[in-house]
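A look at the structure
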Amino acid sequence: YRADLYSADLSGADLSGANLTDASLYRANLTDANLTDANLSGPNLDRSTLCNTIMPWGIENSGC
(Lines give C-alpha, C1' and ligand atoms only; values in the text may rest on other atoms or scores of the structure.)
Protein backbone atom coordinates (compact mmCIF):
# COMPACT_ATOMS: atom_id res chain seq x y z
CA TYR A 1 0.00 0.00 0.00
CA ARG A 2 1.08 3.55 -0.63
CA ALA A 3 -0.25 4.81 2.72
CA ASP A 4 -0.99 2.59 5.69
CA LEU A 5 -3.83 4.18 7.65
CA TYR A 6 -4.89 0.93 9.33
CA SER A 7 -7.28 1.70 12.19
CA ALA A 8 -6.56 5.43 11.88
CA ASP A 9 -9.00 7.85 13.51
CA LEU A 10 -9.79 10.19 10.63
CA SER A 11 -13.15 11.30 11.99
CA GLY A 12 -13.94 14.82 10.88
CA ALA A 13 -10.85 14.97 8.65
CA ASP A 14 -10.90 17.08 5.49
CA LEU A 15 -9.45 14.75 2.88
CA SER A 16 -11.09 16.50 -0.07
CA GLY A 17 -8.92 16.16 -3.14
CA ALA A 18 -6.52 13.75 -1.41
CA ASN A 19 -4.75 11.11 -3.47
CA LEU A 20 -5.61 7.90 -1.63
CA THR A 21 -4.69 5.58 -4.51
CA ASP A 22 -3.95 2.12 -3.10
CA ALA A 23 -4.11 3.40 0.49
CA SER A 24 -5.01 0.97 3.26
CA LEU A 25 -7.91 2.45 5.19
CA TYR A 26 -8.83 -0.92 6.71
CA ARG A 27 -10.80 -0.37 9.93
CA ALA A 28 -10.28 3.41 9.70
CA ASN A 29 -12.84 5.68 11.35
CA LEU A 30 -14.05 8.06 8.65
CA THR A 31 -17.11 9.36 10.52
CA ASP A 32 -17.95 12.90 9.39
CA ALA A 33 -14.87 12.96 7.11
CA ASN A 34 -14.92 14.84 3.80
CA LEU A 35 -13.54 12.86 0.86
CA THR A 36 -15.03 15.07 -1.89
CA ASP A 37 -12.95 14.73 -5.08
CA ALA A 38 -10.54 12.32 -3.34
CA ASN A 39 -8.89 9.72 -5.57
CA LEU A 40 -10.16 6.42 -4.19
CA SER A 41 -8.71 4.14 -6.87
CA GLY A 42 -8.03 0.85 -5.16
CA PRO A 43 -8.06 1.80 -1.46
CA ASN A 44 -8.91 -0.88 1.07
CA LEU A 45 -11.99 0.42 2.92
CA ASP A 46 -12.89 -2.97 4.42
CA ARG A 47 -14.42 -2.72 7.89
CA SER A 48 -14.02 1.07 7.87
CA THR A 49 -16.57 3.20 9.71
CA LEU A 50 -18.40 5.30 7.14
CA CYS A 51 -21.03 7.37 8.91
CA ASN A 52 -22.06 10.75 7.52
CA THR A 53 -18.92 10.47 5.39
CA ILE A 54 -18.88 12.68 2.31
CA MET A 55 -17.62 10.47 -0.51
CA PRO A 56 -17.07 11.47 -4.17
CA TRP A 57 -20.47 9.88 -4.97
CA GLY A 58 -22.38 11.39 -2.03
CA ILE A 59 -23.01 10.80 1.67
CA GLU A 60 -22.15 7.31 2.93
CA ASN A 61 -23.87 5.94 6.05
CA SER A 62 -23.13 2.23 5.68
CA GLY A 63 -21.19 2.10 8.95
CA CYS A 64 -23.53 3.98 11.30
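Residues numbered from 1 in each chain as written. Predicted model: local features only at pLDDT ≥ 70, side-chain atom pairs only at ≥ 80, totals over all residues. Heavy atoms only, no water.

**Focus on the packing of aromatic side chains**
Considering all chains together, one arrives at 1 aromatic pair under this definition. Between Y6 and Y26, the ring centres sit 5.6 Å apart and the planes meet at 10°, which makes this aromatic pair stacked. Highlighted residues: Y6 in the segment before strand 1 (53-55) and Y26 in the segment before strand 1, separated in sequence by 20 residues. Accessibility expressed as a relative area gives 23% for Y26, which makes it partly exposed. (Phe/Tyr/Trp six-rings, centres within 6.5 Å; stacked < 30°, edge-to-face > 60°. Helix = DSSP H or I, 4+ residues; strand = E, 2+ residues; numbered from the N terminus. Buried < 20%, exposed > 50% of the residue type's maximum accessible area, 1.4 Å probe, protein only.)

**So, the side chain of S48**
By the secondary structure assignment, S48 is in the segment before strand 1. By relative accessible area, which is 11% here, S48 ends up buried. A distance of 3.1 Å separates the side chain of S48 from the backbone oxygen of L45, its partner in a polar contact. Among all residues touching S48, those that are not within four sequence positions of it are L25, Y26, R27 and A28. (Polar contact = N/O pair within 3.5 Å; in protein donor to acceptor, adjacent residues only side chain to side chain. Contact = heavy atoms within 4.5 Å.)

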